[in-house]
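Chains, contacts and geometry: an overview
Residue-level listing of the chains:
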Amino acid sequence: MANTLNGKNVLILSTNYGTETSELIEPLNYLKDHGAQVTVAAQTSEPIATLAGDKKLSTEVDPDTTISAVDASGYDAVVVPGGTLNADSLRIDSDAQGIVQSFAEDGKIVAMICHAPWLLVNSGLAKGKTLTSYHTLSQDITNAGGNWVDQEVKVCPANGYRLITSRSPADLDAFNSAIEETLTSKA
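Notes on the structure follow. The structure displayed is predicted, hence computed values, not measured ones.

Close contact between helix H1 (residues 21-33) and helix H6 (residues 172-184) brings their axes to 10 Å; oriented N to C, the two are set at 40°. Here H6 runs oblique to H1, going by the angle between their axes. As for the relative orientation of H1 and H6, their crossing is right-handed in sense. Only Leu172, Phe175, Asn176, Ser177, Ile179, Glu180 and Leu183 of H6 make contact with H1, whose side of the interface consists of Ser22, Glu23, Glu26, Pro27, Tyr30 and Leu31.

Taken together, the seven strands give an open sheet; going across it, the order is S6-S3-S1-S7-S8-S12-S11, and neighbouring strands pair in mixed fashion. Across the chains shown, the open sheet's two edge strands, defined by having one partner strand only, are strand S6 (65-66) and strand S11 (153-156). In the packing of H1 onto the sheet, contacts are made with strand S1 (9-14), strand S3 (37-42), strand S7 (77-80) and strand S8 (109-113), and the angle to S3 comes to roughly 155°.

Below, the discussion takes up the sheet that holds strand S5 (residues 56-61). An order of S2-S4-S5 is seen for the three strands of this open sheet, with the pairing classed as mixed. The open sheet has two free edges, formed respectively by strand S2 (17-20) and S5, since each of these has just one partner strand. Within this sheet the neighbouring strands show an average axis-to-axis angle of 45°, counted without direction. Taken together, the two bridges between S2 and strand S4 (residues 48-52) define a ladder with parallel strand orientation. Across the sheet, Glu20 pairs through a bridge with Leu51, a residue of S4. Of the strands in this sheet, S2, S4 and S5 touch H1, which is tilted by about 60° from S2.

Along the chain, Ser185 falls in the segment after H6. A polar atom in the side chain of Ser185 sits 3.1 Å from the side chain of Arg162.

With that settled, consider the pattern of salt bridges. Inspection of the entire model under this criterion finds three salt bridges. Note that Asp88 and Arg91 form a salt bridge whose closest N and O atoms lie 3.7 Å from each other. By relative accessible area, Asp88 is classed as partly exposed at 40%. The shortest N-O distance in the salt bridge between Arg167 and Asp171 comes to 2.9 Å.

It is worth spelling out helix H3 (residues 94-105) at this point. Look at H3: 16 Å from first C-alpha to last across 12 residues, which is about the 16 Å you get at 1.5 Å a residue. Those residues of H3 that sit buried are Ala96, Gln97, Ile99, Val100, Phe103 and Ala104. For H3, the arc enclosing every buried residue in end-on projection is 160°, short of the 170-degree limit, so these residues lie on one face. Turned more than 90 degrees from where H3 packs its buried face, Ser94 and Glu105 sit exposed. Contacts made by the buried residues of H3 are with S1, S7, helix H2 (84-90), S8 and helix H4 (117-122). Looking one or two residues past H3, Gly107 carries a phi angle of roughly 70°, positive in sign.

About the cut-offs
The numbers attached to residues start from 1 for each chain and follow its sequence in the written order. A pLDDT threshold of at least 70 governs which residues receive local features in this predicted model, and a stricter bar of 80 or more applies before side-chain atom pairs are shown or counted, although totals over entire chains, interfaces and linings include all residues. Based on all heavy atoms of the structure, the side-chain values leave hydrogens and waters out of the count. Between N-to-C directions, angles cover 0 to 180 degrees, with each direction set by a line fitted to C-alpha atoms, over the stretch in contact for helices. Numbering of helices and strands starts at the N terminus; helices are DSSP runs of H or I of at least 4 residues and strands are runs of E of at least 2. Each angle receives one of four descriptions, namely roughly parallel if under 35 degrees, roughly antiparallel if over 145, roughly perpendicular if within 65 to 115, and oblique otherwise. For a crossing to be left-handed, the near helix must be turned anticlockwise from the far one by less than a right angle; the clockwise case is right-handed. Two residues form a contact once any of their heavy atoms are found within 4.5 Å. At least two bridges found by DSSP between two strands is the condition for calling them paired. Polar contacts here mean pairs of N or O atoms no more than 3.5 Å apart (in protein, one a potential hydrogen donor and the other a potential acceptor; neighbouring residues in sequence count only if both atoms are side-chain atoms). A pairing counts as a salt bridge when a side-chain nitrogen of Lys or Arg comes within 4 Å of a carboxyl oxygen of Asp or Glu. Here's how the labels work: a residue is buried when its accessible area is under 20% of the maximum for its type, exposed when over 50%, partly exposed in between, all with a 1.4 Å probe on protein chains only. Multiply 1.5 Å by the residue count of a helix minus one, and that product is the helix's expected span. Here, the arc refers to the directions that run from the helix axis to the C-beta atoms.

All quantities given are derived from atomic positions and should not be read as evidence of function.
Here it is in structure tokens:
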């Protein structure tokens, strides 16, 4: 793999139970394979128990730190995987909300897939953004002032930060590529 992301620091946020397996593992591996330094932060230091298809217990991932210990200033981007249980818990986690708000305020990259944009909604960051997600979130996003679109991947630069969103695990190739392209662009 090309080391296109050398020197880039990426944070992945997750709960310790319910994250969609592929939406955590595939971006993690893709970013590392392309040279990024990746830190996985979870709510506790216990292993992250991921779920395949929101149902079947799957791969465990050891977090590098806790969400409450994260200093957002050291990262270029934050990636938030989906999984219904993961996203529903993260959306009400004040530390996770503060992290994505900090990334947005600093004009950094925020990348979310599937159900993860619930965190964007609860953080007050959906207003004025055009984004995609799992289709069941469309009304939540619209009610929060966002413009929901049904696309494989959407990159939105509105409101001073770049938001990358995708709908589901089927869109992971496009999602990962968009993160890489956005991290390496000069915009």
